[in-house]
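Summary of the model geometry
Residue-level listing of the chains:
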Protein chains: 6
Amino acid sequence: MNCADFCARLDEELRTDAYADLDASPNGLQVGPAEREVEHVAFAVDAARATADAAVDADADLLVTHHGYVFGSVERVTGRLYERLRPHYEHEMGLYVSHLPLDGHQELGNAAGLADLLDLTDREPFGEMGPEYIGQRGTAADPFDRDELVSLLDAELDTGDQDVQLLDFGPEVIEDVAIVTGSGVDWLDEAVDAGADLLLTGEGKQQVYHDAREAGINVALAGHYATETFGVAALADLAEEWGLTTTVVSHPTCL
Amino acid sequence: MNCADFCARLDEELRTDAYADLDASPNGLQVGPAEREVEHVAFAVDAARATADAAVDADADLLVTHHGYVFGSVERVTGRLYERLRPHYEHEMGLYVSHLPLDGHQELGNAAGLADLLDLTDREPFGEMGPEYIGQRGTAADPFDRDELVSLLDAELDTGDQDVQLLDFGPEVIEDVAIVTGSGVDWLDEAVDAGADLLLTGEGKQQVYHDAREAGINVALAGHYATETFGVAALADLAEEWGLTTTVVSHPTCL
Amino acid sequence: MNCADFCARLDEELRTDAYADLDASPNGLQVGPAEREVEHVAFAVDAARATADAAVDADADLLVTHHGYVFGSVERVTGRLYERLRPHYEHEMGLYVSHLPLDGHQELGNAAGLADLLDLTDREPFGEMGPEYIGQRGTAADPFDRDELVSLLDAELDTGDQDVQLLDFGPEVIEDVAIVTGSGVDWLDEAVDAGADLLLTGEGKQQVYHDAREAGINVALAGHYATETFGVAALADLAEEWGLTTTVVSHPTCL
Amino acid sequence: MNCADFCARLDEELRTDAYADLDASPNGLQVGPAEREVEHVAFAVDAARATADAAVDADADLLVTHHGYVFGSVERVTGRLYERLRPHYEHEMGLYVSHLPLDGHQELGNAAGLADLLDLTDREPFGEMGPEYIGQRGTAADPFDRDELVSLLDAELDTGDQDVQLLDFGPEVIEDVAIVTGSGVDWLDEAVDAGADLLLTGEGKQQVYHDAREAGINVALAGHYATETFGVAALADLAEEWGLTTTVVSHPTCL
Amino acid sequence: MNCADFCARLDEELRTDAYADLDASPNGLQVGPAEREVEHVAFAVDAARATADAAVDADADLLVTHHGYVFGSVERVTGRLYERLRPHYEHEMGLYVSHLPLDGHQELGNAAGLADLLDLTDREPFGEMGPEYIGQRGTAADPFDRDELVSLLDAELDTGDQDVQLLDFGPEVIEDVAIVTGSGVDWLDEAVDAGADLLLTGEGKQQVYHDAREAGINVALAGHYATETFGVAALADLAEEWGLTTTVVSHPTCL
Amino acid sequence: MNCADFCARLDEELRTDAYADLDASPNGLQVGPAEREVEHVAFAVDAARATADAAVDADADLLVTHHGYVFGSVERVTGRLYERLRPHYEHEMGLYVSHLPLDGHQELGNAAGLADLLDLTDREPFGEMGPEYIGQRGTAADPFDRDELVSLLDAELDTGDQDVQLLDFGPEVIEDVAIVTGSGVDWLDEAVDAGADLLLTGEGKQQVYHDAREAGINVALAGHYATETFGVAALADLAEEWGLTTTVVSHPTCL
């Protein structure tokens, strides 16, 4: 498939344009030439030297990631960025990035993947970002005991050597779960307003402790990486359906 | 001591004005009347209902914290903020806040306290923030074995039920340590440029993993709370010297 | 009635959201807890210590004002603001504010109330503020002699010890009147373009003198307070209809 | 004298450049050609058709005012502005403007003139505007009875048919007076902090009433025009000293 | 015809409002009184002393230009601007300006006029400027030999003593032509994306050389003035249709 | 020499830091690794595929240019930028850029080089850009006849197939010359105020014609490229002095 066509199909599926003014990440093709054939696509959570090298080892023509090399913009191609682009030049491998569009996709996205894992029903978009959403919420088919839920996450997610951390300020039985993957504690109040028993996200920030404590809501911090493997895996499945060869690169950060 | 006088002495010691345009936190007296007598001052890392209630229980006239109720500014006094101010009104207790000025103070500050713990020498300001600094770096009197350093931090810091997390991408023997407490991974490149073997900070963020890996530097994540107990403790000592009664409120967040 | 429900009904009636990006005043509930019962509501033009104390004396559960404590935002709750919030904390009394939404409401608003007083017909929204309006214009059922109109305003408005001031640069017979209450001289050119014989507003500013003189239009300055008692009085009537007990606090500023 | 030279001398005396980034008024020569001879200069508080016509009648070559035609900037020369420039073109008469530099001049300025009238001693700059000042404060040689002070202002100032308005919330005996002429109520808190018994200014704004009431300070509103005749009169004296013929145009606005 | 009515008809035809937020030029009546009779209208590319004097010589009541006196806004009417307005005051002659609206008009505009000259078919708006367009593209009825096209432009345009400059980096046979008159090289990439063989514009900028060379597209620089005579000429025809007397002032700048 | 050291020496000589907030061009090392040895340095006016390929052909380790690949910043490394960086990756060749610092250097800079060519004396910095300058002015040792000056420029500059264009609105004898190379017509008024007989620059813009005509000053447009070859040539000489091998790449753009 032509690279430009592949990117266009992803952009359409992920609604990349709808997030253009909301996301600091330049989404879509971020590195490389658009006009080349793509047969083998690698997928990873982070664009970095380690994942690009793994993609090269797998003989990929294109790397697709959730986090790209550029957030905002850059003035120079020197230092770390210069070295990161080297395997792309040496192997004519492009980089396609989908940050918030992939967080927010209600079927393929990171939050949707977590909701699948927890078997949530009655799902709705959650995590307002301007006119769009970057998460999802839903109701447990069978309410979880709080500790059981943490154990499930610990067992199923790629958290490396870190445990899921629970701020246990809400009810012991969890029925309604609000999810924003990655760094999502800023949506705590939206979770409270939505009546959630638990906000499930990746990284914490210091202020969420007392905010959650005073609001009486549980917060589970399951790791930025571990909560964001779902989206790229779903895109890999999609690419397979489109007739491409795929490789999913796993490189947990334990963060 | 008159509250306004106490605040003015702290402002002078901490150089509050120098950080006025750099810090989102409104530092200095953030809540309450300036014109009252202060005899008993409570100190805590975070301003929150839990710490304010503890200060009230200790019969404090003023609460001094590193993190206040307001970052940036607020449009309303409703919801969580309304409830947080309640003990202040009920007990005529003010709130004095020192955020970046307390991080950056080269003797009393949070980074300086950690450097004391590690017995660092040849100390210099680290962690540029405009024309000021919010951290400190120095050299270990006796170089640390990397694991030994982590064990020391685990043993001495108030990390609650969380372990110190090490991104072990640098040398095994640690001589030069760069410190920005709290959320300091954005200073990774400054640590690399300064030739540090380890960046010691509190919270992580996802991107620091690959940045540190490619730069070949160690990063220790010892917790936002745990790395920021030093400054308020030092202020409590100072207040004692000034003849005031003090209480230090401990409330680890494990974040 | 639950306070949150009462606020929501007011917001809907006043179209608070439509003015959110136009108004420096944080409208809606500005102080206090949303979840409490409200039986007795006090109404005043200005939120201030005097009016809050009067509301407390009347045993009100909520104070509704046109001008709140906060314009823009605040960084601290100290000094005058700290003292202003004191009666709210001591008596669990909230503050609901409606600034431009109440100026612009075409039936309940301040300009509409003045238009009622002058018995204007063929009314239209006046005083453009982005896509909304904050005033009203209309035609006198019986044209006024200019001095007669001033006398009527002096007699009927709560101007305290101040007289209505007339800049008599237009016709002696007044048929078409444009109204922006409070501080409205910036809408002089819109009044001229609309063919008004008189711009009726509250406060003056120096530049309006020569602008009006050269444009050949009359301007009546009837006082900021005196022109803005109508809106809160109309809201009090509305609250009565909704089954609440009400008190209207009068405190003319003579400005 | 060459017009450019005259303007340069005024700019130097008034420190026009020091206010360049603080003042919305384009100060200095605002209309007309710089290269012409100036023999007769007219002075007025406001640039307007009335004062420009009066200057033409006096056969002036240049009009000097405190308020100019432009605040901020203009996109078009149409309507009122087109008509205002007409006498300048028909009579080759320029316009020199000095707004904040003339307010703040500590000998020639508007506040200084009022301080002279009140015979204040121990004068200091007052009314911070970035790094500059736009007012003055001082102590009454003989403390005033409050009503006596108002009577003096009513008698000496060109208030037209309006009386000086007093917000009598401070002490009855006035010793320390803070002055910002024109529209100066925004400096109320600075007056309180400076220990003033009275803030003397021109125009009021609604919010000053309760602010002054709660702060326990008197405010005298003596009119925007009436408080700003001093500066241009002092410049006229200066121009006389420089050998020019002068006319001072009086046109009170009663605002 | 009343001047205000004439301006309103032009504004409607040119869709002046649609470009209000896109154009630094204050379009519409830029100088003079709206309320006067207009019988004779002069048209020129540039508003300047030369063209205004020519319009005065022709006894015009109004001058209509593509470039006005003001771009952005002005703080003063001194120096060159003061002198430029002089003939307008002396002869009561207004100035109507249409910048981007006249570039982009798909029948009367500058690009449309060039497209007529080249007899292009299948025309479409070109030159995106926010939601509007400021140019046009189309296909040559008979493909041009590249040198022949340059000769045609040299022969038909008012380039003064300057030749059309060709950056000959594209095909020798020109079929698809993209046009943005004046200073249009910033639309090079849009021309490439549209598959144009040639971008035809007025002025060049240094960077277009290598950009065009690497993109493999021809660029013809035919002069800012020379490419922008079409729009005002078309407006003159329109004014004739409306019953007015017209004069077209030619004053090539050779730029 | 180490690349980082070479860049640091250039930065010091050119005062790169002083222009950091004035220049849209990211000056200094813009592409490539800082830590490598540099023996052979190529110099060109423009960074582009043509000049980078020429530098590669000359076996250069580093390319130094006046115009870089990035102005402002970039979000992606795709399309033209991706292709431009290719020779840098394939040959490990960095890019050092000096834009305004090289325009403004009073000995080595572009304007200084032109002033040398014209043998100007009494030179002073010209072309204000914030607190810095980007040009130079001086007096002809022997006044030039205007046509003779143009002939000299045509003969000595690398204008390709384009002639120097003269806007002959000033005196026929040229004594004082103001120079801003490249695109410098925005400094016309500064040239007039400085009493220059001629503004010498590279590219024109439409508005300079009437501005120069009304100001009575000559403007010579000698080409953006042709006026900016001096700075990089002077840097090449400097690099030779520092012991490096150099190549100067000539690629006139005729713009």
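Right above here is the structure, for reference.
Structural notes, computed from the coordinates. (Residues numbered from 1 in each chain as written. Chains lettered and ligands numbered in written order. Predicted model: local features only at pLDDT ≥ 70, side-chain atom pairs only at ≥ 80, totals over all residues. Heavy atoms only, no water.)

**Quick notes on the packing of helix H1 (residues 3–14) of chain B against helix H9 (residues 230–241) of chain B**
All names here are of chain B.
- Between H1 and H9, the least distance of the axes is 12 Å, while the angle of their chain directions is 125°. If you check the angle between H1 and H9, you find them oblique. Of the two possible hands of crossing, H1 and H9 adopt the one that is right-handed. The segment H1 lies against H9, with Phe6, Leu10, Glu13 and Leu14 engaging Leu235, Leu238 and Ala239.
- For the contact of H1 with H9, the residue count by class is 6 nonpolar, no polar and 1 charged. (Axes fitted to C-alpha atoms, helices over the stretch in contact; angles between N-to-C directions. Helix = DSSP H or I, 4+ residues; strand = E, 2+ residues; numbered from the N terminus. Parallel < 35°, antiparallel > 145°, perpendicular 65-115°, else oblique. Left-handed = near helix turned anticlockwise from the far one by under 90°. Contact = heavy atoms within 4.5 Å. Nonpolar A, V, L, I, M, F, W, Y, C, P; charged D, E, K, R; others polar.)

**Re the environment of Ala191 of chain D**
Residue and element names in this part refer to chain D.
- In this structure, Ala191 sits in helix H7 (residues 188–193).
- Once the C-alpha coordinates of Ala191 and Val248 are considered, the two residues, 57 residues apart in sequence, prove to be 32 Å apart.
- Setting aside its immediate chain neighbours within four residues, Ala191 contacts Phe126, Ala178, Ala196, Leu199 and Ile217.

**Re helix H1 (residues 3–14) of chain E**
Residue and element names in this part refer to chain E.
- For H1, with 12 residues, the first-to-last C-alpha span of 16 Å sits near the 16 Å given by 1.5 Å per residue.
- Its buried side turned inward, H1 meets strand S1 (28–32), strand S2 (40–46), strand S3 (62–67), strand S5 (94–97), helix H4 (100–104) and helix H9 (230–241).
- Its side-chain oxygen placed 2.8 Å from the backbone nitrogen of Ala4, Asn2 serves as the N-cap of H1. (Expected span 1.5 Å × (residues − 1). Polar contact = N/O pair within 3.5 Å; in protein donor to acceptor, adjacent residues only side chain to side chain.)

**Digging into the interface of chain C and chain D**
- Each partner contributes to the interface: chain C provides 31 residues, whereas chain D provides 31 residues.
- When chain C packs against chain D, close to 2600 Å² is buried across both sides, 46% of that on carbon and sulfur atoms.
- When residues of chain C are sorted by the area they lose upon contact with chain D, Arg80, Gln206 and Leu255 of chain C head the list and together hold 28% of the total.
- Between the two partners, chain C and chain D, sit 8 salt bridges.
- A salt bridge links Arg80 of chain D to Asp211 of chain C, with the shortest nitrogen-to-oxygen separation between them at 3.4 Å.
- Where chain C packs against chain D, one counts 20 residue pairs in polar contact (both at pLDDT 80 or more).
- Looking at the side of chain C that touches chain D, the elements that each hand over two or more residues are strand S2 (40–46), helix H2 (49–57), helix H3 (79–90), strand S8 (165–168), helix H7 (188–193) and helix H8 (208–215) of chain C.
- Of the residues forming the side of chain C that touches chain D, the biggest block, 6 residues, is contributed by H8 of chain C. (Buried area = accessible area lost by both parts, 1.4 Å probe. Salt bridge = Lys/Arg side-chain N within 4 Å of Asp/Glu carboxyl O.)

**Notes on the relation of the copies chain C and chain D**
- For the pair chain C and chain D, the relating rotation is 180°, the translation along its axis is 0.0 Å, and the fit reaches an RMSD of 0.0 Å. Given the turn and translation reported, the copies of this chain are related as if by a two-fold rotation axis.
- The share of interface residues of chain C whose copies in chain D are also at the interface is 100%, consistent with both copies meeting through the same surface. (Least-squares fit on C-alpha atoms with pLDDT ≥ 70 in both.)

**Structural notes on the interface of chain D and chain E**
- The interface of chain D with chain E comprises 25 residues on the first partner and 25 residues on the second.
- Between chain D and chain E, the buried area comes to about 2100 Å², and carbon and sulfur atoms account for 52% of it.
- The largest share of the area that chain D buries against chain E comes from Arg76, Tyr82 and Tyr89 of chain D, three residues that together contribute 33% of it.
- Linking chain D to chain E there are 2 salt bridges.
- Mapped by element, the contributors of at least two residues to the side of chain D that touches chain E are strand S1 (28–32), strand S4 (77–78) and helix H3 (79–90) of chain D.
- It is H3 of chain D that contributes the most residues to the side of chain D that touches chain E, 8 residues altogether.
- Considering only residue class, the side of chain D that touches chain E consists of 11 nonpolar, 9 polar and 5 charged.
- In terms of strand pairing, S4 of chain D meets S1 of chain E through 2 bridges, oriented parallel. Across the sheet, Thr78 of chain D pairs through a bridge with Gly32 of chain E, a residue of S1 of chain E. (Pairing = 2+ DSSP bridges.)

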